[in-house]
Structure formats: C-alpha cells, structure tokens
Amino acid sequence: MFANYPDVVSVEQLQQMLGIGQVLAYNLVKHGEIKSRKVGREYKIPKINIIKYILGESK
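The structure presented is a predicted model; accordingly, all values stated were derived computationally and were not measured.

Calculation criteria
Residues numbered from 1 in each chain as written. Predicted model: local features only at pLDDT ≥ 70, side-chain atom pairs only at ≥ 80, totals over all residues. Heavy atoms only, no water. Pairing = 2+ DSSP bridges. Helix = DSSP H or I, 4+ residues; strand = E, 2+ residues; numbered from the N terminus. Core = buried A, V, L, I, M, F, W, Y, C linked by side-chain atoms within 4.5 Å. Buried < 20%, exposed > 50% of the residue type's maximum accessible area, 1.4 Å probe, protein only. Polar contact = N/O pair within 3.5 Å; in protein donor to acceptor, adjacent residues only side chain to side chain. Contact = heavy atoms within 4.5 Å.

(A) Examining the sheet that holds strand 1 (residues 8-9) more closely. Taking strand neighbours across the sheet as the criterion, the three strands line up as 1-3-2 in an open arrangement whose pairing is antiparallel. Each edge of the open sheet carries a strand with a single partner, namely strand 1 and strand 2 (37-39). In this sheet, strand 3 (residues 42-46) lies alongside strand 1 in antiparallel orientation, the contact comprising two bridges. Within strand 3, the residue paired with Val8 across the bridge is Pro46.

Right, dumping it as structure tokens:
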C-alpha cells in the first residue's frame with residue numbers, strides 16, 4: 001500500500017495519498033487522528049501511521 005511514497009511523508013503527500021484537502025489533512029494531524037511529529041515548521045508523518053488510520057487502528 002502506497003509503495004510509491006517514502007516511509008515518512010509531508011502533509012502535502014498525505015493529501016495526495018488520501019485524496020483530501022489541505023484543511024482536513026492538517027486537522028487530522030493537529031488533532032492526533034494521524035500520529036505525526038513536528039520538525040521545525042513541518043509535520044513529518046510515518047507512512048505506517050496513515051495505513052493504521054485507514055485500517056481504523058489509530059490511537
């Protein structure tokens with residue numbers, strides 16, 4: 001799943017992966033629905049956390 005993406009993605013890549021808009025992507029990350037880490041001014045999101053979110057295994 002998502003083989004064409006790196007192991008750690010940006011919010012922009014998250015948008016592409018899930019086919020969602022920028023506001024929803026940032027809300028998912030900011031509210032902890034998809035676990036991430038803020039590095040500087042950017043969120044870094046492990047691809048496995050996106051897969052867990054899709055499968056309903058997040059949190």
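(B) Just the nonpolar core, in detail. Leu14, Ile34, Ile45 and Ile50 are the most contacted members of the largest nonpolar core, which has 14 residues in total. Mapped onto this core, the elements with two or more residues apiece are helix 1 (11-18), helix 2 (22-30), strand 3 and helix 3 (47-55).

(C) Highlighting the side chain of Asn49. Summarising the element assignment, Asn49 is placed in helix 3. The exposure class of Asn49 is buried, given its relative accessible area of 15%. Only 3.0 Å separates the side chain of Asn49 from the backbone oxygen of Lys35, close enough to count as a polar contact. Asn49 has contacts with Ile34 and Lys35, leaving out every residue within four places of it along the chain.

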